Amino acid sequence: MPAHTATAALEPPAPAPRPVTGTTPAERHSLDVALQGVGRSFTTAEGPRTVLRDVTLTVSPGEVLAVIGASGCGKSTLLRAVGGLDTAFDGRVLIGGSPVLPYDERTAVGFQEPRLLPWRTIRRNVELGLPRGLDRAEGRERVHHLLELVGLAPFADHRPREVSGGMAQRTSLARALARRPGVLLLDEPFGALDALTRLRMQDLLLDVHAATGTTVLLVTHDVEEALQLADRVLLLSRPRPVPGGPDPAPGATVGRIVDVPGPRPRDRADAGLARLRSDLLEGLGVESHSH
Ligand SMILES: Nc1ncnc2c1ncn2[C@@H]1O[C@H](COP(=O)(O)OP(=O)(O)OP(=O)(O)O)[C@@H](O)[C@H]1O
Ligand SMILES: [Mg+2]
């Protein structure tokens, strides 16, 4: 394994925001997401276990919503429901006003690991994300523009093992965008990257959002990332059990939805953001010593 610094040195600088040829305003695409009383229980050896309860929320078209919460509170479970990867949830999920479908093609999902096919080139991996039935020439052009957007055009003919972790993750992002999703679902997409690459990927996500207009649901452990990228933050938390009493409400609930003020990119040193940061860290059960 190369050291993180070596990986970062291989990383080409994040591309500057620029209009992408072919991404005309008419092609910008975003859909709203409505969660209505969404819950999920699993059957386990110890009996039924409720993970999510009664999550109700509307995400506007083009909004970036960050989802944070302690490990195991149900963030991935929620994202899977929105993407149609899990259909056994309670309540309703509407995408653009109509119910989510199994493996809903109006959405695309990106994961913590890039999940690329090692024997395919970067370009051919991105092609895997194209919707079925798309004209071949149009597909090739779309992939070309996406590789430019994520700064990978010079590496299009490389195999995944020949590129850095950050570049593999950019490939995964481009593959998700190839479908031109109305809603982009990202589950800890930068969680496995070194700190510098992670910051570059955050900038890249903002560029991608500016270029495509897609609605983004971003699951992250990183409060700082949420504050840099999101319009609003959904903090999932479990109600505190009453000492000695029965568990009042098992399962995670919507703790709180927080507006993040100010246009992006945001000043990390901003006093309002600092207050919000300690507030969210407290909500996660982490002591904050920032002020
Ligand atoms: N198919 C399943 N069967 C049983 N339990 C499950 C299943 N899928 C998830 N769970 C449980 O639901 C809970 C929430 O899981 P989930 O993966 O959504 O958490 P998370 O918030 O994404 O956590 P992390 O931050 O660690 O990724 C966990 O306790 C997990 O064990
Ligand atoms: Mg998860």
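Preceding this paragraph is the structure being described.
Residue numbers here run from 1 along each chain, matching the order of that chain's written sequence. The order in which chains are written sets their letters, starting at A; the order in which ligands are written sets their numbers, starting at 1. Residue-level local features of this predicted model are given only where pLDDT is at least 70; pairs of side-chain atoms are given and counted only at 80 or more, and the full residue set underlies all totals for whole chains, interfaces and linings. For side-chain calculations, the full set of non-hydrogen atoms in the structure is used, while hydrogens and water are omitted.

Structurally, the position occupied by Thr107 is in strand E6 (residues 107-110). Contacts between residues were defined by any pair of non-hydrogen atoms, one from each residue, lying within 4.5 Å. Not counting residues up to four positions away in its chain, the partners in contact with Thr107 are Val82, Gly83, Ile95, Arg179, Pro181, Val183 and Leu185. Each helix is a run of H or I in the DSSP string that is no shorter than four residues. Each strand is a run of E no shorter than two, and both are numbered from the N terminus.

A few words on the environment of Gly110. Within the element layout of this structure, Gly110 appears in strand E6. Residues Gly110 and Leu186, spaced 76 residues apart in sequence, show a C-alpha to C-alpha distance of 4.7 Å. If we ignore the near neighbours within four places in the chain, the residues touching Gly110 are Leu185, Leu186 and Asp187.

To continue, consider the nonpolar core. We define the nonpolar core as a collection of buried residues of types Ala, Val, Leu, Ile, Met, Phe, Trp, Tyr and Cys that are connected through side-chain atoms lying within 4.5 Å of one another. We call a residue buried when its accessible area falls under 20% of the maximum for its residue type, exposed when it is over 50%, and partly exposed in between, using a 1.4 Å probe and counting protein chains only. In terms of nonpolar packing, the biggest core is built from 48 residues, with Leu184, Val233 and Leu280 touching the most fellow members. Every residue in contact with Leu184, bar those within four places of it in the chain, is listed here: Ala108, Leu173, Ala176, Leu177, Leu205, Thr214, Thr215, Val216 and Leu217. Core analysis: the second largest hydrophobic core is formed by 26 residues, Cys73, Ile95, Leu234 and Leu236 among them.

Considering the arrangement of structural elements, one finds Thr214 in the loop between helix H6 (195-212) and strand E8 (215-219). Within polar-contact distance, the side chain of Thr214 engages the backbone oxygen of Gly182 at 3.3 Å. Residues in contact with Thr214, not counting those within four places in the same chain, are His29, Ser30, Gly62, Glu63, Pro181, Gly182, Val183, Leu184 and His209. A 3.5 Å cut-off defines polar contacts: any pair of N or O atoms within that distance qualifies, except that in protein one atom must be a possible hydrogen donor and the other a possible acceptor, and neighbouring residues in sequence count only when both atoms are side-chain atoms.

Once that is clear, we can look at the site of ligand 1. Around ligand 1, a shell composed of Phe42, Arg49, Val51, Ala70, Ser71, Gly72, Cys73, Gly74, Lys75, Ser76, Thr77 and His221 is seen. For ligand 1, an oxygen atom lies 2.8 Å from a polar atom in the backbone of Gly72. Cys73 places a polar main-chain atom, nitrogen or oxygen, 3.3 Å from an oxygen atom of ligand 1. Residue exposure ignores everything except the shown protein chains as possible cover, and the areas themselves are Shrake-Rupley values with a 1.4 Å probe. Protein chains bury 60% of the 630 Å² of accessible surface belonging to ligand 1 in isolation. At the level of secondary structure, the elements contributing two or more residues to the shell around ligand 1 comprise strand E2 (47-59) and helix H2 (75-83). Looking at the shell around ligand 1, the element that brings in the most residues is H2, giving three residues. Throughout, the ten residues Ala, Val, Leu, Ile, Met, Phe, Trp, Tyr, Cys and Pro are labelled nonpolar, Asp, Glu, Lys and Arg are labelled charged, and all others, Gly among them, are labelled polar. In the shell around ligand 1, the residues fall into four nonpolar, six polar and two charged. Nearness is judged by heavy atoms alone; a residue qualifies as near a molecule or strand once a single heavy atom is within 4 Å of it.

What follows deals with the packing of helix H5 (residues 165-177) against H6. Only the stretch in contact is used when fitting a helix axis, every axis being a line fitted to C-alpha atoms; angles between N-to-C directions are given from 0 to 180 degrees. Where H5 meets H6, the axes come as close as 11 Å, and the angle between the chain directions of the two elements is 20°. By the criterion of interaxial angle, the relationship of H5 to H6 is roughly parallel. Handedness of the crossing formed by H5 with H6: right-handed. The segment H5 lies against H6, with Gly166, Gln169, Arg170, Leu173 and Leu177 engaging Thr197, Met201, Leu204, Val208 and Thr212. Our angle categories are set so that under 35 degrees counts as roughly parallel, over 145 as roughly antiparallel, 65 to 115 as roughly perpendicular, and the remainder as oblique. For any helix crossing, the convention is left-handed if the near helix is rotated counterclockwise from the far helix by under a right angle, and right-handed if that rotation is clockwise.

By this rule the span expected of a helix is its residue count minus one, scaled by 1.5 Å. For helix H8 (residues 271-283), built from 13 residues, the straight-helix expectation of 18 Å at 1.5 Å per residue is met to within 8% by its first-to-last C-alpha distance of 18 Å. Turning to H8, its buried residues number three or more, namely Leu273, Ala274, Leu276, Arg277, Ser278, Leu280 and Leu281. Downstream of H8 by a residue or two, Gly285 has a phi angle that is positive, lying close to 85°.

Attention now moves to the sheet that holds strand E1 (residues 33-44). Spatially, E2-E1-E4-E5 is the arrangement adopted by the four strands of the open sheet, whose pairing is antiparallel. Edge positions in the open sheet fall to E2 and strand E5 (98-99), since each of these has one partner strand only. Two strands pair if DSSP finds at least two bridges between them. Sheet topology note: the E1/E2 ladder contains nine bridges and is antiparallel. Bridge pairing in E2 links Phe42 to Arg49. Relative to E1, H2 is tilted by about 120°, and along the sheet it contacts E1, E2 and strand E4 (90-95).

The next point concerns unusual backbone geometry. Across the junction of Arg264 and Pro265, the peptide omega takes the value -5°, indicating a cis bond. One non-glycine residue, Arg115, lies in the positive phi region at around 55°. Positionally, Arg115 belongs in the loop between E6 and helix H3 (122-127). Assessed through its relative accessible area of 48%, Arg115 is described here as partly exposed.

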